[in-house]
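Listed below, chain by chain, are the residues.
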Amino acid sequence: MTNKPQSRGEYLLVRNMAESERLEMQFKAWQANIGYLLHPAIKTHDHMRIADVGTGTGLVANPSERRKIWLRELADVLPSTCQLDGFDLSDTMFPSKENISFHHQNLLELFPDEYLGKYDVANVRVMIAALSSNEWEVAVRNIITLLKPGGYLQWVDCAAHEVVVKGVPEGKRATNAQHGIDLIQRTMISAGKTPNLVALCGTFQKSGLESCEERIYTLDNPETRENLTLTVVTGIQHILTAALNLDKLDEMQTIDQIMELKEAILSDLHNVPCYYFFDVHVVVGRKA
Ligand SMILES: C[S@@+](CC[C@H](N)C(=O)[O-])C[C@H]1O[C@@H](n2cnc3c(N)ncnc32)[C@H](O)[C@@H]1O
């Protein structure tokens, strides 16, 4: 596989209704395993200001439907005197509520002065398809500028190279399920998306944050296994589609081929049977 030139902040996922639905399912499945919206070290109060950077979802087919995403879920449990700000490159998937505002922002570019030093918490979730390997530290340093002294950076993410196929009965093989994940990993490497999540806590420390801590959650709650696996399958479809659109998919030339692979994976999951499995990392650090 050839390494194609990488653009700064190139997004290796699609932005549409199906992706918004996938993100919502992913959010619920992760939450069922993590159990909190804010790390226990973060003490809440009535006038918190919270930034969610790369905030994402909210796109709904039916406007009366309420999406359960991090920012919206948090708005439901915090007093309405708290102000919650979502930052994203795109508002395609953004939810609305009185004390939630949306701001267009590339997290790799300097935030406007009006936001600097204003936040008790800056939250980031799932940037693996967004940031290239050399952009993680830039992102961390930039997002820290939003924090007040004593404010927390919380980052929740997973690594594509940590996804494994599990549950395959002895004597059987899940060739297609394995191929899907291998292809994703090669595609992400080719596009420069190879986050070393284990290094993220060190990046927090290097960037001047204190009391840094990493918790790793094994997503093994049997009740969420099926949905979690589906988010990976659709994630494979959406990452490959984005790579195809960006001319960064060496091994497939058409959407039909991507859909064929998806069907073959679904068949393995059902017939072998098997499922996808990975860990989620939660990293927090406090600004001095
Ligand atoms: C995988 S989604 C995660 C959304 C949400 N945080 C969640 O947990 O469901 C990544 C989000 O980051 C946004 N994004 C990607 N690159 C970005 C950048 N350079 N600056 C700001 N947002 C970015 C995308 O538009 C997308 O909404």
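Residues numbered from 1 in each chain as written. Predicted model: local features only at pLDDT ≥ 70, side-chain atom pairs only at ≥ 80, totals over all residues. Heavy atoms only, no water.

As annotated in an unreviewed UniProt entry, the protein chain carries the name Methyltransferase domain-containing protein and is attributed to Penicillium cinerascens.

1. Remarks on helix α1 (residues 17-34)
Over its 18 residues, α1 extends 25 Å from the first C-alpha to the last, a length consistent with the 26 Å expected when each residue adds 1.5 Å. All of the buried residues along α1 are Glu19, Ser20, Arg22, Leu23, Glu24, Gln26, Phe27, Ala29, Trp30, Gln31, Asn33 and Ile34. Next to the buried residues of α1 lie α2 (70-77), β4 (119-125), β5 (147-157), β7 (209-218), α6 (222-245) and β9 (279-287). Capping of α1 at its N-terminal end is provided by Asn16; its side-chain oxygen lies 3.2 Å from the backbone amide nitrogen of Ala18. Downstream of α1 by one or two residues, Gly35 has phi in the positive range, about 90°. (Helix = DSSP H or I, 4+ residues; strand = E, 2+ residues; numbered from the N terminus. Expected span 1.5 Å × (residues − 1). Buried < 20%, exposed > 50% of the residue type's maximum accessible area, 1.4 Å probe, protein only. Contact = heavy atoms within 4.5 Å. Polar contact = N/O pair within 3.5 Å; in protein donor to acceptor, adjacent residues only side chain to side chain.)

2. Focus on the packing of helix α4 (residues 175-190) against helix α7 (residues 255-271)
At a minimum axis distance of 7 Å, the contact between α4 and α7 shows a crossing angle of 130°. Our classification of the angle between α4 and α7 gives oblique. Viewed along their axes, α4 and α7 form a crossing whose handedness is left-handed. Across the interface between the two elements, Thr175, Asn176, Ala177, His179, Gly180 and Leu183 of α4 pack against Leu261, Ala264, Ile265 and Asp268 of α7. Looking at the contact of α4 with α7 residue by residue, the class counts come to five nonpolar, four polar and one charged. (Axes fitted to C-alpha atoms, helices over the stretch in contact; angles between N-to-C directions. Parallel < 35°, antiparallel > 145°, perpendicular 65-115°, else oblique. Left-handed = near helix turned anticlockwise from the far one by under 90°. Nonpolar A, V, L, I, M, F, W, Y, C, P; charged D, E, K, R; others polar.)

3. Here's the deal with the site of the ligand
Neighbouring residues of the ligand: 17 residues in total, closest Arg15, Gly54, Asp88, Asn106 and Leu107. A distance of 3.1 Å separates a nitrogen atom of the ligand from a polar backbone atom of Arg125. For the ligand, the accessible surface in isolation is 590 Å², of which the surrounding protein chains cover 98%. (Near = heavy atom within 4 Å. Areas by Shrake-Rupley, 256 points an atom, 1.4 Å probe, with all protein chains shown as cover.)

4. Considering the sheet that holds β9
Consider a sheet: its strands pair through backbone hydrogen bonds, and that pairing is either parallel or antiparallel. Ordered by their spatial adjacency, seven strands build an open sheet running β3-β2-β1-β4-β5-β9-β7, and the pairing between neighbours is mixed. The open sheet has two edge strands, β3 (100-104) and β7, and neither has a second partner. Strand after strand, the sheet turns through a mean of 15° between neighbouring axes, direction not considered. Pairing between β5 and β9: six bridges, direction antiparallel. Residue Tyr152 lies in a different strand from β9, and its bridge partner there is Arg286. In this fold α2 packs onto β1 (49-53), β2 (83-88), β3, β4 and β5, with an angle of close to 180° to the strand it touches most, β2. Together, β1, β4, β5, β7 and β9 form the strand contacts of helix α3 (residues 136-144), whose direction differs from that of β5 by roughly 145°. (Pairing = 2+ DSSP bridges.)

5. As for the pattern of salt bridges
Applying the stated criterion across every chain, the model contains nine salt bridges. The partner of Arg141 in a salt bridge is Glu137, and the shortest N-O contact between them spans 3.2 Å. Remark: Glu137 and Arg141 occur in helix α3; sequence separation between them is four residues, near one turn of the helix. According to the relative accessible area criterion, Glu137 is partly exposed, its value standing at 28%. Here Lys206 makes a salt bridge to Glu137, at a shortest N to O gap of 3.1 Å. Within this pair, whereas Lys206 is found in helix α5 (residues 200-206), its partner Glu137 is found in helix α3, the two being separated by 69 residues in sequence. Connected through shared salt-bridge partners, Glu137, Arg141 and Lys206 make up one network. (Salt bridge = Lys/Arg side-chain N within 4 Å of Asp/Glu carboxyl O.)

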